[in-house]
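Coordinate analysis (summary)
Next come the chains, spelled out residue by residue.
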Amino acid sequence: MKSLFEIQAESGQLWLDISAQLDAATKAGADALAAAQATAKEAADKASADSATAKAASDAALADANAARDKAASELAAMTAQDQKHAAALLAALDWTAIDAEYADLQAKLAANSAKYDAARASLATLAAAINAPFADREAAAKAARVKELEAQLAAAVEKVEAKK
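Residues numbered from 1 in each chain as written. Predicted model: local features only at pLDDT ≥ 70, side-chain atom pairs only at ≥ 80, totals over all residues. Heavy atoms only, no water.

**A look at the overall build of the protein**
Counting secondary structure elements, the protein contains four helices and zero strands. Each helix (α) and strand (β) of the protein, taken in turn from the N terminus, gives the series α-α-α-α. Its C-alpha atoms give the protein a radius of gyration of 35 Å, more than 25% over the compact-globule value 15 Å for 165 residues. When its C-alpha atoms are laid out on the principal axes, the protein stretches across 120 × 25 × 20 Å. The buried share of the protein, taken over its 165 residues, is 14%. Counting contacts in the protein only where the partners sit at least 6 residues apart, residues at least 24 apart contribute 88% of the total. In the structure as shown, the protein presents an accessible area of about 11,400 Å², 64% of it carried by carbon and sulfur atoms. Averaging the positions of the 18 positive and the 24 negative side-chain charges in the protein gives two centres separated by 5 Å. (Helix = DSSP H or I, 4+ residues; strand = E, 2+ residues; numbered from the N terminus. Rg over C-alpha atoms; globule rule 2.2 N^0.38 Å. Buried < 20%, exposed > 50% of the residue type's maximum accessible area, 1.4 Å probe, protein only. Contact = heavy atoms within 4.5 Å. Areas by Shrake-Rupley, 256 points an atom, 1.4 Å probe, with all protein chains shown as cover. Lys, Arg positive; Asp, Glu negative; His and termini not counted. Charge placed at Lys NZ, Arg CZ, Asp CG, Glu CD.)

In structure tokens form, the structure reads like this:
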């Protein structure tokens, strides 16, 4: 049985052509995989940014509501005794149920936006896995087919060389 070096020496340019084709196929596969991964990352980054924007808006609305409530409480504390009596009458007239309901609604919106953000991240991870899995299977099958083809060409070249002897 001949060694790989002997087969390479005897097949000459064919061996170099086969090696070059293997290198080109490997590079093309790697380039295609990188492009698919970049596309998936861009989609993930966009969804993450959109989700973060929605969460920031919800946080800002909640902060505004809390600030208004805190400001009212601090202004009430700063008033004189007589002003406090007048303010107490005004506060009694306020609809605290509606204010508390709006606050609860803002809390619910924050929770919903947080859930959307988490769901978007999970969906993007699933999407990236779905994009990469079939591509990897096809790439492996194509490489295996190409290796078989090159092995057949090499075997034919070896037979030619042995037939010349």
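Structure shown, so let's carry the discussion forward.
**Here's the deal with the side chain of Ser51**
By the secondary structure assignment, Ser51 is in helix H2 (residues 13-78). The exposure class of Ser51 is buried, given its relative accessible area of 8%. With residues near it in sequence (within four places) discarded, Ser51 still touches Asn113, Lys116 and Tyr117.

**Looking at the pattern of salt bridges**
Applying the stated rule across the entire model yields eight salt bridges. The partner of Lys46 in a salt bridge is Asp50, and the shortest N-O contact between them spans 3.0 Å. Taken together, the residues span about one helical turn, with Lys46 and Asp50 both in helix H2 at a distance of four residues. We note a salt bridge from Glu149 to Arg146, for which the minimum N-O separation is 2.4 Å. Residue Glu149 and its partner Arg146 are located together in helix H4 (residues 96-164), separated by three residues, close to a single helical turn. (Salt bridge = Lys/Arg side-chain N within 4 Å of Asp/Glu carboxyl O.)

**Quick notes on H4**
For H4, with 69 residues, the first-to-last C-alpha span of 101 Å sits near the 102 Å given by 1.5 Å per residue. Along H4, the residues classified as buried are Leu106, Leu110, Asn113, Leu124, Phe135, Glu139, Arg146, Leu150, Leu154, Ala157, Val158 and Val161. (Expected span 1.5 Å × (residues − 1).)

In short, geometric facts, not functional conclusions.
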